[in-house]
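Structural description and commentary
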Amino acid sequence: MCPLHSGTSNHLSGSGPSETDLVFVCDAIGDHESSTGIPFMGKSKDLFEQAIKANGLTRNDFFATSCLKCSIAGKPKPAEGFFEICAKHLFYQLELIKPLVICAMGPIAAKVILKEYRYKEPVKSLAEAHGQPILIRPRSKVVNYKKIKVPSFKFYLVPTFNLAAVDNYTKEQVVIDDVGVAKALINFRTILI
């Protein structure tokens, strides 16, 4: 069992409709998210609400979840292995939803998704890659001696900064603009995929 899960009474599955073209994925959650079951409720809430509102979105327009499903508040910084343990839950959700766009709200979320979906191209640092859509196509993967396509759908990954780590107005505007890129991709779905 994952060390983060032991001793935790609540975990976060996510919130929002399961039939949606847009999914937001944060790196990790704190106690606010764990107790409410809703991502982006702690330190990141104000900026997240500002970003979605500025782009004409409400929480009913997308699904939001996290790479880590248990709170990291008051615990040592989670090792990278924790993200890999929890990732199977995230990818199960994504395979059910099959969104057109996934907005990775932090470098860990972007890295976990790119690694799981075996993206082979070089990726710039988040400081350079934020807001630039990355097309992820299904690739063959062997699971239990069977070849399967992972993911089973095409989507765009739009990376941006971890909202809890944004500490200046310039980066706040960058996050708002990056969310705008994710929304714009949905509007042009027939052209892009």
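Residues numbered from 1 in each chain as written. Predicted model: local features only at pLDDT ≥ 70, side-chain atom pairs only at ≥ 80, totals over all residues. Heavy atoms only, no water.

Thoughts on the overall build of the protein
Helix and strand counts for the protein stand at seven helices and seven strands. For the protein, the N- to C-terminal ordering of α and β elements is β-α-α-β-α-β-α-α-β-β-β-β-α-α. Sorting the 193 residues of the protein into buried and exposed places 46% on the buried side. On the protein, roughly 10,200 Å² of surface is accessible, and the fraction owed to carbon and sulfur atoms is 54%. (Helix = DSSP H or I, 4+ residues; strand = E, 2+ residues; numbered from the N terminus. Buried < 20%, exposed > 50% of the residue type's maximum accessible area, 1.4 Å probe, protein only. Areas by Shrake-Rupley, 256 points an atom, 1.4 Å probe, with all protein chains shown as cover.)

Quick look at unusual backbone geometry
The backbone of Phe40 shows a phi angle near 60 degrees, a positive value even though the residue is not glycine. Here Phe40 lies in the loop between helix H1 (31-36) and helix H2 (45-54). Given the relative accessible area of 2%, Phe40 is considered buried. Phi is positive for Lys98, close to 55 degrees, though the residue is something other than glycine. The residue Lys98 is located in the loop between helix H3 (80-97) and strand S3 (101-105) in this model. A relative accessible area of 41% places Lys98 in the partly exposed class.

Structural notes on the side chain of Asn55
Considering the arrangement of structural elements, one finds Asn55 in the loop between H2 and strand S2 (63-66). In this structure Asn55 comes out as buried when scored by relative accessible area, which is 17%. A distance of 3.0 Å separates the side chain of Asn55 from the backbone oxygen of Ile176, its partner in a polar contact. If near-sequence neighbours (up to four positions away) are discounted, Asn55 is found in contact with Ile176, Val179, Gly180 and Lys183. (Polar contact = N/O pair within 3.5 Å; in protein donor to acceptor, adjacent residues only side chain to side chain. Contact = heavy atoms within 4.5 Å.)

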